[in-house]
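The chain contents come next:
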Amino acid sequence: MRHDYQEEAVRLAVAALRDGRSQLFVSPTGSGKSYMQADVHHEMRNVGYVSVVPNIEIGLGIYTKLPNHDTDVRTYSEARQFDSLESFGIWTVMRLHNELIAGRISIPRYLGFDEGHHTTSTTYMTLRAICGDCPAVAFTATAFRGTPDETAKLKAMWGEPHVLLTEKD
């Protein structure tokens with residue numbers, strides 16, 4: 001069972017993508033962001049949506065939360081884990097970047113980012129440029145990035161974040 005704010009986040013994220021917009025969503029650690037991401041992924045997967053994660057562990061966390069998911073890929077070898085996730089459209093940022101640069105995979109129509117505050121880094125920005133700055137959603141626990149300049153860059157990239165839940169809530 002999902003909380004109302006989680007269902008609202010999925011609805012807003014899917015609507016933003018379908019409208020050709022990008023949006024950053026902020027919600028504290030433990031608020032179920034990976035469930036929200038899995039639901040967005042499930043809803044958008046068949047229309048060219050790719051989930052981008054900083055590492056395989058986070059990708060596995062999203063993968064295991066997908067609706068009707070019953071395979072525990074965490075018991076697989078690392079190579080098979082990557083294959084399983086990637087065949088389902090969940091990529092680590094570096095692997096997706098490298099495969100797109102090499103021309104081995106098609107450019108996604110939509111992107112979804114975990115740990116959205118990292119999207120101002122060079123690799124993420126290059127990835128978005130390769131994808132033609134396609135509509136994207138990002139989820140993060142913080143709308144800040146290291147320094148005031150990096151935080152300003154994050155805000156310039158995404159606009160005003162949509163706060164789903166605060167620490168107080």
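Not measured: the values here are computed from a predicted model.

## So, the nonpolar core
Judged by nonpolar contacts, the single largest core of 18 residues is most densely connected at Val-52, Leu-96, Leu-111, Phe-113, Leu-127 and Trp-158. Filtering out sequence-adjacent residues up to four positions away, Trp-158 remains in contact with Ser-22, Gln-23, Leu-24, Phe-113, Gly-116, Thr-119, Arg-128, Ala-136, Val-137 and Ala-138. Listed in part, the 14 residues of the second largest apolar core include Ala-9, Ala-13, Tyr-49 and Val-137.

## Here's the deal with the sheet that holds strand S3 (residues 90-92)
Across the sheet, which stays open at both edges, the 6 strands sit in the order S3-S2-S4-S5-S1-S6 with parallel pairing between neighbours. Either end of the sheet is taken by a strand with one partner, and the two such strands are S3 and strand S6 (162-163). Pairing analysis gives 4 bridges linking strand S1 (residues 23-26) to strand S5 (residues 136-140), with the strands arranged parallel. Within S5, the position partnered with Leu-24 by the bridge is Ala-138. Against the sheet, helix H2 (residues 33-44) makes contact with strand S2 (49-53), S3, strand S4 (110-114) and S5, and its axis sits at roughly 165° relative to S5, the strand it touches most.

## Focus on the packing of aromatic side chains
For any pair of aromatic rings, geometry is given as the distance between the ring centres together with the angle between the planes. This model, assessed by the stated rule, comprises 4 aromatic pairs. Ring plane angle 20° and centroid distance 5.2 Å describe the contact between Phe-25 and Phe-139, whose orientation is recorded as stacked. In this pair, Phe-25 is assigned in strand S1 and Phe-139 in strand S5, connecting sequence segments 114 residues apart. Take Phe-139: its relative accessible area is 2%, and that puts it in the buried class. Ring centres of Tyr-63 and Phe-88 lie 5.4 Å apart, and the angle between their planes is 85°; this geometry places the pair in the edge-to-face category. In this pair, Tyr-63 is assigned in helix H3 (residues 56-63) and Phe-88 in the loop between helix H4 (78-87) and S3, connecting sequence segments 25 residues apart. For Tyr-63, a relative accessible area of 8% corresponds to the buried category. Judged by its relative accessible area of 28%, Phe-88 is partly exposed. Among the aromatic residues, ring-to-ring pairing joins Phe-113, Tyr-124 and Trp-158 into one connected group. Above the ring of Phe-88, the side-chain terminus of Arg-45 is found at 3.8 Å from the ring centroid. Lying over the aromatic face of Trp-158, Arg-128 brings its terminal NZ or CZ to 4.7 Å of the ring centre.

Analysis parameters
Residues numbered from 1 in each chain as written. Predicted model: local features only at pLDDT ≥ 70, side-chain atom pairs only at ≥ 80, totals over all residues. Heavy atoms only, no water. Core = buried A, V, L, I, M, F, W, Y, C linked by side-chain atoms within 4.5 Å. Buried < 20%, exposed > 50% of the residue type's maximum accessible area, 1.4 Å probe, protein only. Contact = heavy atoms within 4.5 Å. Pairing = 2+ DSSP bridges. Helix = DSSP H or I, 4+ residues; strand = E, 2+ residues; numbered from the N terminus. Axes fitted to C-alpha atoms, helices over the stretch in contact; angles between N-to-C directions. Phe/Tyr/Trp six-rings, centres within 6.5 Å; stacked < 30°, edge-to-face > 60°. Lys NZ or Arg CZ within 6 Å of the ring centre and 35° of its normal.

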